[in-house]
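This is what each chain is made of:
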Amino acid sequence: MIVFVQRKQMETGSGEAPAGRLYRILVRDLVLKCSIGIHAHELLAPQRVRINVDMSVLEQAGPLCDDIANVVSYEDVIDGIKTLLADGHINLVETLAEKIAELCLSDERVETTRIRVEKLDVYAEAASVGIEIERGRA
């Protein structure tokens, strides 16, 4: 699993971030066990899913400082996804993707999010099957 924060920075000369600038937070290839699916055999045992999250985040105006409180935490996003999966069976990958998008957008600083959810063990002939959605603020 690779997780990183990508921040576009410009020199302002004042040590402050300009208002309205976006940066992206990425969670790539998070593989977890999940009780998901509509078929009888999918109700018997959890299966592996791969989750990718891409969030466009509004950078806070004011002084740039090295403080986790000033950014959206990918640790919180991953912990939130694990909590969603622990809440019980989910029928559809679409439902899981929507719940993850809601989780991401619950932080007011997140402007848009793209979520990909893939089942890894459905077809021997395919590396994965799944969906990708993009959601933003209304």
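Conventions and cut-offs
- Residues numbered from 1 in each chain as written.
- Predicted model: local features only at pLDDT ≥ 70, side-chain atom pairs only at ≥ 80, totals over all residues.
- Heavy atoms only, no water.
- Helix = DSSP H or I, 4+ residues; strand = E, 2+ residues; numbered from the N terminus.
- Buried < 20%, exposed > 50% of the residue type's maximum accessible area, 1.4 Å probe, protein only.
- Polar contact = N/O pair within 3.5 Å; in protein donor to acceptor, adjacent residues only side chain to side chain.
- Contact = heavy atoms within 4.5 Å.
- Axes fitted to C-alpha atoms, helices over the stretch in contact; angles between N-to-C directions.
- Parallel < 35°, antiparallel > 145°, perpendicular 65-115°, else oblique.
- Left-handed = near helix turned anticlockwise from the far one by under 90°.
- Nonpolar A, V, L, I, M, F, W, Y, C, P; charged D, E, K, R; others polar.
- Expected span 1.5 Å × (residues − 1).
- Arc of directions from axis to C-beta.
- Salt bridge = Lys/Arg side-chain N within 4 Å of Asp/Glu carboxyl O.
- Pairing = 2+ DSSP bridges.
- pLDDT = per-residue confidence, 0-100.
- Core = buried A, V, L, I, M, F, W, Y, C linked by side-chain atoms within 4.5 Å.

This brings us to the side chain of R109. Structurally, the position occupied by R109 is in the loop between helix 2 (93-105) and strand 6 (110-119). Judged by its relative accessible area of 19%, R109 falls in the buried class. A distance of 3.4 Å separates a polar side-chain atom of R109 from the backbone oxygen of V71. In this structure, R109 is in contact with S56, V57, L58, Q60, A69, N70, V71, V72 and R137, ignoring residues within four places of it in sequence.

Our next topic: the packing of helix 1 (residues 74-86) against helix 2. Two numbers describe how helix 1 lies on helix 2: the axes approach to 10 Å, and their chain directions differ by 140 degrees. The angle between the axes of helix 1 and helix 2 places the two elements in the oblique class. Handedness of the helix 1/helix 2 crossing: right-handed. Contacts between helix 1 and helix 2 involve V77, G80, I81, L84 and L85 from the former and L96, K99, I100, L103 and C104 from the latter. Of the residues that constitute the contact of helix 1 with helix 2, the class distribution is eight nonpolar, one polar and one charged.

Under the 1.5 Å per step criterion, the end-to-end length of helix 2 is 18 Å for 13 residues, consistent within 8% with the ideal 18 Å. Three or more residues of helix 2 are buried, namely V93, L96, A97, I100, A101, C104 and L105. Looking down the long axis of helix 2, one finds its buried residues gathered within 165 degrees of arc, a one-sided arrangement. Structurally, helix 2 contributes buried residues whose contacts are with strand 3 (22-34), strand 4 (47-58), helix 1, strand 6 and strand 7 (129-136).

A separate point is the pattern of salt bridges. Counted under the stated rule, the structure contains 12 salt bridges. Across the salt bridge formed by R50 and D29, the nearest N and O atoms sit 3.9 Å from each other. One end of the pair, R50, is in strand 4; the other, D29, is in strand 3, and 21 residues separate them in sequence. Residue D29 is classed as partly exposed on the basis of its relative accessible area, which comes to 41%.

Take the pairing of strand 6 next. Note that strand 4 and strand 6 share nine bridges and pair antiparallel. Looking at the pairing, M55 lines up with T113 of strand 6. Note: strand 6 against strand 7, eight bridges, orientation antiparallel. Across the sheet, residue T113 finds its bridge partner in strand 7, namely R135.

Moving on to the confidence of the model for the protein chain. Overall, the prediction assigns the protein chain a mean pLDDT of 88, with 84% of residues at 70 or greater. Low confidence marks residues 2-13, where pLDDT is under 50. Its contacts with residues over four positions away, or in another chain, come to 27 contacts.

Our focus in this paragraph is the nonpolar core. V53, M55, I81, L96, I100 and I115 are the most contacted members of the largest nonpolar core, which totals 31 residues. When residues of this core are traced back to their parent elements, those giving at least two are strand 3, strand 4, helix 1, helix 2, strand 6 and strand 7. In terms of residues, this core owes the most to one element, helix 2, which gives seven residues.

Another point: the side chain of K119. Summarising the element assignment, K119 is placed in strand 6. A polar contact of 2.7 Å, which involves the side chain of K119, links it to the side chain of E42. In this structure K119 touches I36, G37, E42, Q47, R48, V49, V93, A127, S128 and V129, once residues within four positions along its chain are discounted.

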